[in-house]
2 protein chains.
Amino acid sequence: MEPPARPVIALDAMGGDRAPQEIVAGAVRAVHELDVDILLVGRPSDIEPLLPDDAAGISVLGASEVIAMHDEPASAVRSKRDSSIVRAAEAVRDGKASAMVGAGNTGATMAAALLRFGRISGVARPAIAVPLPVPGANRRQLLVDAGATVDPEAVWLVQWALLAREYARVRLGVDDPSIGLLSNGEEAGKGDRLRKEAFGLLAGVKGFTGNVEGGDLARPSVDVIVTDGFTGNVALKTIEGAMLGLAGLVFSVLDEPEWGEMADRLKLRMLEAASDLLPDNTGGALLLGVKGVCIISHGSSSAAAIVNAVRVARDSVAADVVARLTTAIAESETLHAG
Amino acid sequence: MEPPARPVIALDAMGGDRAPQEIVAGAVRAVHELDVDILLVGRPSDIEPLLPDDAAGISVLGASEVIAMHDEPASAVRSKRDSSIVRAAEAVRDGKASAMVGAGNTGATMAAALLRFGRISGVARPAIAVPLPVPGANRRQLLVDAGATVDPEAVWLVQWALLAREYARVRLGVDDPSIGLLSNGEEAGKGDRLRKEAFGLLAGVKGFTGNVEGGDLARPSVDVIVTDGFTGNVALKTIEGAMLGLAGLVFSVLDEPEWGEMADRLKLRMLEAASDLLPDNTGGALLLGVKGVCIISHGSSSAAAIVNAVRVARDSVAADVVARLTTAIAESETLHAG
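If you tally the helices and strands in chain A, you get 11 helices and 11 strands. A compact globule built from 338 residues should have a C-alpha radius of gyration of about 20 Å, and chain A, at 20 Å, falls within 12% of that. Projected onto the principal axes, the alpha-carbon positions of chain A cover approximately 65 × 60 × 45 Å. By residue count, 56% of the 338 residues in chain A fall in the buried class. Taking all contacts inside chain A whose residues are at least 6 apart in sequence as the whole, residues at least 24 apart take part in 72%.

Listed as interface residues are 48 residues of chain B and, on the opposing side, 48 residues of chain A. A total of 21 residues in the side of chain B that touches chain A trace back to one element, the largest contributor, which is helix α8 (residues 229-254) of chain B. Here the side of chain B that touches chain A is built from residues that sort into 23 nonpolar, 14 polar and 11 charged.

As a packed pair, helix α8 (residues 229-254) of chain A and α8 of chain B sit with axes 8 Å apart at the nearest point and diverge in direction by 40°. The angle between α8 of chain A and α8 of chain B falls in the class oblique. The crossing of α8 of chain A and α8 of chain B is right-handed. In this structure, α8 of chain A contributes Thr231, Val234, Ala235, Thr238, Ile239, Ala242, Met243, Leu246, Ala247 and Val250 of chain A to the contact, and α8 of chain B contributes Thr231, Val234, Ala235, Thr238, Ile239, Ala242, Met243, Leu246, Ala247 and Val250 of chain B.

Our next topic: the confidence of the model for chain A. Counting all residues, the mean pLDDT for chain A is 95, and 98% of those residues have values of 70 or more. Model confidence for the complex: the whole-complex pTM is 0.95, and ipTM, which rates the interface, is 0.95.

This part covers the sheet that holds strand β5 (residues 127-133) of chain A. Residue and element names in this part refer to chain A. Taken together, the 11 strands give an open sheet; going across it, the order is β3-β2-β1-β4-β11-β10-β5-β6-β9-β7-β8, and neighbouring strands pair in mixed fashion. The open sheet is flanked by β3 (58-62) and β8 (208-212), the only strands paired with a single partner. The sheet shows a mean angle of 25° between the axes of neighbouring strands, direction not considered. Here strand β10 (residues 285-288) pairs with strand β11 (residues 293-296) via two bridges, running antiparallel. Its bridge partner being in β11, Leu286 is matched across the sheet by Ile295. Helix α5 (residues 106-117) rests against β4 (99-102), β10 and β11 of the sheet, and its axis sits at about 180° to β11.

Residue and element names in this part refer to chain A. At a closest axis distance of 8 Å, the pairing of helix α6 (residues 154-171) and helix α7 (residues 193-202) adopts a crossing angle of 50°. By the angle between their directions, the pair α6 and α7 is classed as oblique. Handedness of the crossing formed by α6 with α7: right-handed. The residues of α7 that touch α6, namely those facing Ala154, Val155, Leu157, Val158 and Ala161, are Leu194, Glu197, Ala198, Leu201 and Leu202.

This part is about the pairing of strand β8 (residues 208-212) of chain B. Residue and element names in this part refer to chain B. Relative to β8, strand β7 (residues 179-182) runs parallel, the two sharing four bridges. Considered in β8, the bridge of Leu182 is made with Val212. After leaving β7, the chain enters helix α7 (residues 193-202) and then returns to the sheet as β8, a path that is right-handed.

It is worth spelling out the relation of the copies chain B and chain A at this point. With an RMSD of 0.0 Å, the fit of chain B onto chain A corresponds to turning through 180° and sliding 0.0 Å along the axis. In symmetry terms, the pair is related by a two-fold rotation axis. Both copies share a contact surface, since 100% of the interface residues of chain B are interface residues in chain A too.

In this section: helix α1 (residues 21-33) of chain A. Residue and element names in this part refer to chain A. For α1, built from 13 residues, the straight-helix expectation of 18 Å at 1.5 Å per residue is met to within 8% by its first-to-last C-alpha distance of 18 Å. Among all positions of α1, only Glu22, Ile23, Val24, Gly26, Ala27, Val28 and Ala30 are buried. Tucked into the core, α1 has its buried residues touching β1 (8-12), β2 (37-42), α2 (44-47), β3 and α10 (303-318). Count one or two residues on from α1 and you reach Asp35, which has phi positive near 60°.

Residues and elements named next belong to chain B. Within the open sheet, the 11 strands sit side by side as β3-β2-β1-β4-β11-β10-β5-β6-β9-β7-β8. Their pairing is mixed. Every other strand in the sheet has two partners, leaving β3 (58-62) and β8 as the edge strands with one partner each. Ignoring strand direction, the axes of neighbouring strands in this sheet form an average angle of 25°. The sheet contact formed by strand β6 (residues 140-144) and strand β9 (residues 224-226) spans three bridges and is parallel. Counterpart to Leu143 in the pairing with β9 is Ile225. Lying on the sheet, helix α1 (residues 21-33) is in contact with β1 (8-12), β2 (37-42) and β3; it crosses β2 at an angle near 165°.

All names here are of chain B. Of all six residues that make up β2, five are buried, and the element is covered over most of its length. Sheet analysis places β1 next to β2, joined by five bridges and oriented parallel. Among the inter-strand pairings, Ala10 is bridged to a residue of β2, identified as Leu39. Both β2 and β3 contribute to a ladder of five bridges, which runs parallel. What sits directly across from Gly42, in β3, is Gly62.

Moving on to the nonpolar core. Grouped together as the largest cluster of nonpolar side chains are 232 residues, with contacts concentrated most on Ile9, Leu11 and Ala164 of chain A together with Ile9, Leu11 and Ala164 of chain B. Setting aside chain neighbours within four positions, we find Leu11 of chain B in contact with Ile23, Ala27, Ile38, Leu39, Leu40, Val41, Val101 and Val310 of chain B.

Residues and elements named next belong to chain A. The domain boundaries assigned to chain A delineate domain 1 (1-123 + 289-319) and domain 2 (124-283). Each of domain 1 and domain 2 was reduced to a C-alpha centroid, and the two centroids are 25 Å apart. Contributions of two or more residues to the side of domain 1 that touches domain 2 are made by α5 and α10. Here the side of domain 1 that touches domain 2 is built from residues that sort into 10 nonpolar, seven polar and two charged.

Conventions we followed
Residues numbered from 1 in each chain as written. Chains lettered and ligands numbered in written order. Predicted model: local features only at pLDDT ≥ 70, side-chain atom pairs only at ≥ 80, totals over all residues. Helix = DSSP H or I, 4+ residues; strand = E, 2+ residues; numbered from the N terminus. Rg over C-alpha atoms; globule rule 2.2 N^0.38 Å. Buried ≥ 20, exposed ≤ 12 C-beta atoms within 10 Å, placed from the backbone. Contact = placed C-beta atoms within 7 Å. Nonpolar A, V, L, I, M, F, W, Y, C, P; charged D, E, K, R; others polar. Axes fitted to C-alpha atoms, helices over the stretch in contact; angles between N-to-C directions. Parallel < 35°, antiparallel > 145°, perpendicular 65-115°, else oblique. Left-handed = near helix turned anticlockwise from the far one by under 90°. pLDDT = per-residue confidence, 0-100. Pairing = 2+ DSSP bridges. Right-handed = clockwise from strand over helix to strand, strands pointing away. Least-squares fit on C-alpha atoms with pLDDT ≥ 70 in both. Expected span 1.5 Å × (residues − 1). Core = buried A, V, L, I, M, F, W, Y, C linked by C-beta atoms within 7 Å. Domains from an automatic or database assignment.

In C-alpha cells, the structure reads:
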C-alpha cells in the first residue's frame, strides 16, 4: 500500500522582515519535522541558493514580484499579479497546495486569500483569529478580529463569533467554547453603538457569556473574544507592548549587581517560562471566513515561527476546518430562517 | 501677614470599593502631607466615626444618598440629587471647594462634574486623561480619552488633543508635548473611518506626529495618545491585565524552590521598581473639558491613592488648569476662524 500523500503547504518565501532566509530555513525544518511538503513561492534566484542539496519535499513555484510591507494591500494584490503571495493563494485555489502560509504584508496576504479563495457563504467579511497566550495558564484564547476588517457592521461580529467558536474547538481543543464581546465594561448596557447592537444579536449565539473587558484579554476568562478589527489590532499590539515594557523592567532589576550569577540563571528560566508568550510560538493566525486555509504569521517570523505556522496550516487541513466553518455558518442560517 | 488660605478639595467619601474607610484615611493623611483642607462629602454617620479626635483641616458636607458602582451614571446623577458625588460637584460650583476628587462610579463622577460645572466653551464632550506609566522610564504619557465619551465625532478628538497637549505641560512638565493618534498602523492611511477623518483634522494641531499603535502605549513614544473613549478604556484595561498576567508569571518562577531566600528579596525589589505602575500611584485622571477640576481615582483606591489624587487636584488648582485649557481652546478657535 502506498503511504497517504503528504499535504502540500504553499509558503510565501518573500514575505516578512527576515525573508527569504528565515522562511526558507523554516521550510527545510518543516519538511523534516511535520510530515508535509512545502511549495516555496517567490523568486527562484532568491530561493534556490538557500536550499540544501537534498531538498526533498520542497518545490519552488516561481513568482517574479514581491509585495512589500509598506505597499497598500488591496491595490498591490490587484496590480502585482505575479507576486509571491498572489501565486501562493492561486496554488491553493488550483489544488496545487492544501493551505497557504504568509509572514509578509498582512493586508496583502488577507486580500490575496480573499480574492482568490472567495468567501464562505453567509460570511460578509473575513476576520483574523489570533491565539493569545494566557501567561501562567496552559491554554490560549482566540481574539477575533485582530485586524482584518475595520468598521464592521454588528451582524459581521456575530458571523465571526460563530466562525471563531467552531475554530476554537479545533485550535484550542475546547468542546464548548465560551465567547465574550470586548467592551468598555461588563454590564450589558456598556459599549459604543456597535457593541450595543452586537450584544443583542450575540444573545442568540451558543456560548455567548456577555461583555468582557480589556483586562480579560490574555487572561483566564472566555475562550473567544470578539471585536472589530480596529480595536482588536490595537489590543493585540497593546498586550505585546505592555508585556515587553514590564519584561524590560524585570530584566533591568536582574541586571543589578547584587543578584550575582543567579540572575543569569533566573533570566533563562523566565524566558523558558514565558516562551509561550513569544509571537514566534503562537503558530500564526487563521483567516476566518474564506474558502481555503490561510495562515498569517507575524512580520518578524523566524524559521521556528514558520515551522509553527506550517504546523497550524497542516492541522487546519487535517481537521477540515473550512468545511467545519462552512457548516457552522450554514446551520446558524437555517436556525435563524426557521 | 496671614498665611495664604489652603485650597479646599471636595472628596467623595462614599465612592470606591474601599469607601468610606480608605477615603477618610486618605483625607486624614492629605491634610497632614499636602497643605490642603478637605471637604469630605457623604453620610456624616458613616464618616464621623472614622475621623480622629483632632481632625483639623477636615470638614464634613452631609449628603444622604450614594451612587453605587453598578448604577446607571446619567440617570443616577439626575435622580439622586443628594448623593455625595453630586454634592461634591456642587461644592466646587458654589466656591466652597477648589476641586473635587472621586473614586466611585466613574460615569457618575464624570456626569456630576459635567452637569454641575458645564463645559468649557468650544468643547463638545469631556474626555478622561489618564497618565500611563512607562516602565523603566521616569516619565508618563497621557491617554485621552480613557473612557468618558464613546462614539465621538472626529472633531472632538481634535479638541481633546488640544486640551491634552496643554494639560501635558502641567502634568508631565513637558514644554512641547508630542501627540499621536492611536490607530491600527503607523502609516497615514491606516485606521477606521473615525481615525481617517481625525488624522486629517489633527494635521493642523501643533505637536501632532501622526498615527501610533497599541505597542506605543505605556512605552517611550509620544507624550499624548488620543483615541475615542471606547478604545481608550479597552487599551487601559488591556495594559493592566497584560502586566498583571506577566507579573504573575515572574512571581511564579520566583516561587520555585531553587532560588532560595534571594527570591523574596528580589520580589520586594521588583515591586519597588514597579511601584510607578500601580494604579494607586498614578495620582488619578483629570476630566478634560469641564469648567472645574475633577480628578477621578480608580475604584479600588487605597488611602495612598486618595493622597496622590488630592495632590494632583491641588496641583491642578495651583496651575490654574481650567483657565489654561479654556485659553488653549479659544486660541485654537481664533486661529481657525482667522
